[in-house]
Each structure stands twice: as structure tokens, then as C-alpha cells.
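# Residue-level structure breakdown
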Amino acid sequence: MTYFEFTNHFLPQLAQLYLNKEIDFHALVDFDLWKKVFPDVPKADGSFYWNRISFNAFALNDPESSLLLVYNLPLQNTPKEAQFIGIRFNNNRTRLNMYVLRRPRFYDEFWDVFQYNFELGKEIFIEKLRGTNSLREFCADIQRLPFSSSNKPSLFDRIATKVFYN
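Described in the following lines is the structure provided in the data block. (Residues numbered from 1 in each chain as written. Predicted model: local features only at pLDDT ≥ 70, side-chain atom pairs only at ≥ 80, totals over all residues. Heavy atoms only, no water.)

## What about the environment of I142?
Our working definition: Secondary structure elements follow DSSP: runs of H or I of four or more residues count as helices, runs of E of two or more count as strands, with numbering from the N terminus. The buried label applies to any residue whose accessible area, calculated with a 1.4 Å probe on protein chains only, is under 20% of its type's maximum; exposed applies above 50%, and partly exposed to all values in between. For this analysis, residues touch if any pair of their heavy atoms sits within 4.5 Å.
Secondary-structure assignment places I142 in helix α3 (residues 135-144). Overall, the relative accessible area of 0% leaves I142 in the buried class. Ignoring anything within four residues of it in the chain, the contact list for I142 reads L60, L68, R88, Y99 and V113.

In C-alpha cells, the structure reads:
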């Protein structure tokens with residue numbers, strides 16, 4: 001597995017399985033099982049290592065009393081790479097939103113926050129991060145966003161995603 005596969009395939013599939021009630025909550029944070037199924041296989045430059053991914057959980061002070069799980073990925077200094085992946089649950093864990101913080105296309109821009117749309121099976125641009133690309137800023141921006149179970153992309157979002165991120 002690569003960091004790209006972890007970000008774009010593995011975690012979205014786990015979240016979708018959780019939404020479909022096919023796996024329990026614990027499966028979203030079971031690193032020991034993940035390591036057994038997908039062991040570290042050193043390859044060329046940019047190898048995937050489980051010990052380089054850190055995990056945090058935060059109780060958000062929002063109307064939903066959300067829980068935010070954040071996966072922190074190592075940075076490779078390439079455009080559009082993900083640094084944080086956040087899975088946000090409502091208070092009874094029946095709904096979730098998945099967010100990804102990605103490096104911008106150009107070095108001097110603010111980082112981009114995307115929300116994964118499970119209906120479309122892809123990320124939709126939400127906004128630019130308001131501060132630095134720190135975990136604190138990421139959590140603050142996610143807390144500020146309204147909790148929604150579905151996110152329809154606007155025409156601008158579809159164009160921006162197609163032009164800059166494909």
C-alpha cells in the first residue's frame with residue numbers, strides 16, 4: 001500500500017463500510033489489524049510505513065457534539081498530497097463526514113480542505129485552510145464547518161477539482 005492508496009482508497013472504503021454498518025467503530029482505528037493485513041513492504045523511495053502515521057481523536061465543541069478522528073500522514077513535499085485526514089462523527093456515531101487537508105498546487109498558497117462525497121466517490125473542494133497547516137488549525141476549521149451528511153458540489157467546485165486536482 002502507498003500513502004496515496006491509504007488516503008484515497010483505504011480510509012474512504014473503511015468509512016463507507018462503517019456507514020453501511022458492515023464494520024464496527026473499532027475497525028476505523030485498529031492499526032494492529034491493518035498492519036497484519038497490509039504489512040510494511042519497503043520499496044523504492046516513498047515507501048509506506050505504519051509507524052509514520054499518527055492518530056488523534058478530538059471532541060469538538062459544536063452543536064452536534066462531534067467526535068473527530070484525525071490521521072496524520074508524513075509529508076513527501078509533492079503537490080496535492082494529504083497531510084491530515086479527518087473523520088467526523090455526530091454525537092451518536094450514526095453519520096460521518098470525511099475531510100482531507102491537501103497541499104496546494106503552488107508552494108505559497110494556503111492548504112486546501114476537501115470533503116469526501118460518498119455518493120460520488122470523490123473529494124469535493126470545500127475551502128482554503130484559514131491558517132497554517134497545523135493540526136490545531138485543521139481541527140478548528142473542521143469544527144467551524146456545518147455537519148452535513150451529503151455535500152453536492154457547485155459548478156465552481158467541479159471545475160476547480162477537475163482543473164487542479166486531476
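## Topic: the packing of aromatic side chains
What counts is decided by this rule: Aromatic rings from Phe, Tyr and Trp, taking only the six-membered ring of Trp, are treated as a pair when their centres fall within 6.5 Å; an angle between ring planes under 30 degrees marks them as stacked, one over 60 as edge-to-face, and anything in between as tilted.
Enumeration over the complete set of coordinates arrives at 23 aromatic pairs. Taken together, a centroid distance of 6.4 Å and an interplanar angle of 70° make the contact between F10 and W50 edge-to-face. Here F10, found in helix α1 (residues 3-19), pairs with W50, found in the loop between α2 (31-37) and β1 (54-59); they are 40 residues apart in sequence, far enough to count as distant. The same class applies to F10 as to W50, namely buried. When the ring of W34 is compared with that of Y71, the centres are 6.3 Å apart and the planes differ by 35°; the resulting orientation is tilted.

## Some thoughts on the pattern of salt bridges
Just so we agree on the cut-off: For salt bridges, the criterion is a side-chain nitrogen of Lys or Arg within 4 Å of an Asp or Glu carboxyl oxygen.
Enumeration over the complete set of coordinates arrives at eight salt bridges. The salt bridge involving R88 is made with D62; its shortest N-O contact spans 2.5 Å. Taken together, the residues R88 in strand β3 (residues 82-89) and D62 in the loop between β1 and β2 (67-72) connect sequence positions 26 residues apart. An identical accessibility class is assigned to R88 and D62; each is buried. Note that R103 is salt-bridged to E81, the shortest N-O span being 2.9 Å. Remark: E81 occurs in the loop between β2 and β3 and R103 occurs in the loop between β4 (96-102) and β5 (112-117); sequence separation between them is 22 residues. In terms of burial, R103 and E81 fall into one category: buried.

As far as function goes, none of this settles anything; it's purely spatial.
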